[in-house]
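What the coordinates show
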Amino acid sequence: MSAEVSGAGRPGEHVTDEPHARVTYLVKRLESAVRRDLDAIMQEQGLTTPQYAALSILRRSPGLSSAQLARRSFVTAQSMQVMVASFERSGFIERRADAGHQRILRNFLTAAGEAVLARSEEAADRIEKQMLAGLSDAQIRRLRETMEACVQNLLADGPEPLR
């Protein structure tokens, strides 16, 4: 088992005392570094990182119910209800009754939601560019494929795929 060496894990700094740290440890380190930077830039946009994720998901999958959006955003249904209410107040989404089930409300981005998401995506692109600096297109493609395979392996028995 690897042990972390004190320090912030900045470029060029060793982050473990062994040459081959556990993959799960490295995944967590990466997630923590990305989340730190995303939190900072999303705050500049007036969003939290989970709000950014939810808006991004709605762009890819318009019309999700709040329950579906919560599952895909990795938050509880209760947290999503608070988030959706905030989005409505901010004018980022509109909710429409489902044609077949009037009690189900579907969520859709508004022009204001698209605008804040576009600004947020530009900021997130800068983080991703920094993270992937020095990697070839083939390496980036392989990294995506590998991570997707790992996610699918862990979610094989899960309720619904990430896509």
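Owing to the predicted nature of the structure, the values given are computational and were not obtained by experimental measurement. (Residues numbered from 1 in each chain as written. Predicted model: local features only at pLDDT ≥ 70, side-chain atom pairs only at ≥ 80, totals over all residues. Heavy atoms only, no water.)

The number of helices and strands found in the protein is 6 helices and 3 strands. N-terminal to C-terminal, the α/β element order of the protein is α-α-β-α-α-β-β-α-α. By residue count, 28% of the 163 residues in the protein fall in the buried class. Here the contacts in the protein between residues at least 6 apart in sequence split such that 42% fall between residues at least 24 apart. Here the protein has roughly 11100 Å² of accessible surface; of this, 55% comes from carbon and sulfur atoms. (Helix = DSSP H or I, 4+ residues; strand = E, 2+ residues; numbered from the N terminus. Buried < 20%, exposed > 50% of the residue type's maximum accessible area, 1.4 Å probe, protein only. Contact = heavy atoms within 4.5 Å. Areas by Shrake-Rupley, 256 points an atom, 1.4 Å probe, with all protein chains shown as cover.)

Right, let's talk about the pattern of salt bridges for a bit. Going through the model one piece at a time under the given rule, you end up with 8 salt bridges. The partner of D98 in a salt bridge is R106, and the shortest N-O contact between them spans 2.9 Å. Its relative accessible area of 15% is what places D98 among the buried residues. Here E145 makes a salt bridge to R142, at a shortest N to O gap of 3.7 Å. On the criterion of helical spacing, the pair formed by E145 and R142 is a turn pair, its members being 3 residues apart in helix α6 (residues 137-154). Look at R142 and you get exposed, because its relative accessible area is 53%. (Salt bridge = Lys/Arg side-chain N within 4 Å of Asp/Glu carboxyl O.)

Tallying each qualifying case throughout the model produces 1 aromatic pair. Judged by centre distance (6.5 Å) and plane angle (50°), the ring pair of F87 and F92 falls under tilted. Exposure class is identical for F87 and F92. Each is buried. The ring of F108 carries R96 above its face, with NZ or CZ at 3.9 Å from the centroid. (Phe/Tyr/Trp six-rings, centres within 6.5 Å; stacked < 30°, edge-to-face > 60°. Lys NZ or Arg CZ within 6 Å of the ring centre and 35° of its normal.)

This next bit is on unusual backbone geometry. Phi is positive for F74, close to 65°, though the residue is something other than glycine. Relative to the assigned elements, F74 resides in the loop between α3 (66-73) and α4 (77-90). Judged by its relative accessible area of 65%, F74 falls in the exposed class.

On the surface, a cluster of nonpolar side chains totalling about 240 Å² of accessible area is made up of L135, L143 and M147. With respect to the element layout, L143 can be found in helix α6. Given a relative accessible area of 34%, L143 falls into the partly exposed group. (Patch = residues over 30% accessible without salt bridge, like charges linked within 9 Å, V, L, I, M, F, W, Y side chains within 5 Å.)

Contact geometry of helix α2 (residues 49-60) with α3 gives a least axis separation of 10 Å together with a crossing angle of 115°. Of the two elements, α2 crosses α3, and the hand of that crossing is right-handed. Contacts between α2 and α3 pair A54, I57 and L58 from the former with L69, R72 and S73 from the latter. (Axes fitted to C-alpha atoms, helices over the stretch in contact; angles between N-to-C directions. Left-handed = near helix turned anticlockwise from the far one by under 90°.)

What follows is about the packing of α2 against α4. One can describe the packing of α2 onto α4 by two numbers: an axis separation of 11 Å at closest approach and a directional angle of 75°. Accordingly, the angle class assigned to the pair α2 and α4 is roughly perpendicular. Where α2 approaches α4, its residues P50, Q51, A54 and L55 are matched on the opposing element by M80, M83, S86 and F87. (Parallel < 35°, antiparallel > 145°, perpendicular 65-115°, else oblique.)

The buried fraction of strand β3 (residues 105-109) is high, at 4 of 5 residues. Across 2 bridges, strand β1 (residues 64-65) lies against β3 in antiparallel orientation. Looking at β3, one finds that S65 is bridged to R106. Relative to β3, strand β2 (residues 93-97) runs antiparallel, the two being bridged by 5 bridges. Following the sheet pairing, E94 is matched in β3 by F108. (Pairing = 2+ DSSP bridges.)

What follows deals with the sheet that holds β3. With antiparallel pairing, 3 strands are arranged side by side in an open sheet as β1-β3-β2. Across the chains shown, the open sheet's two edge strands, defined by having one partner strand only, are β1 and β2.

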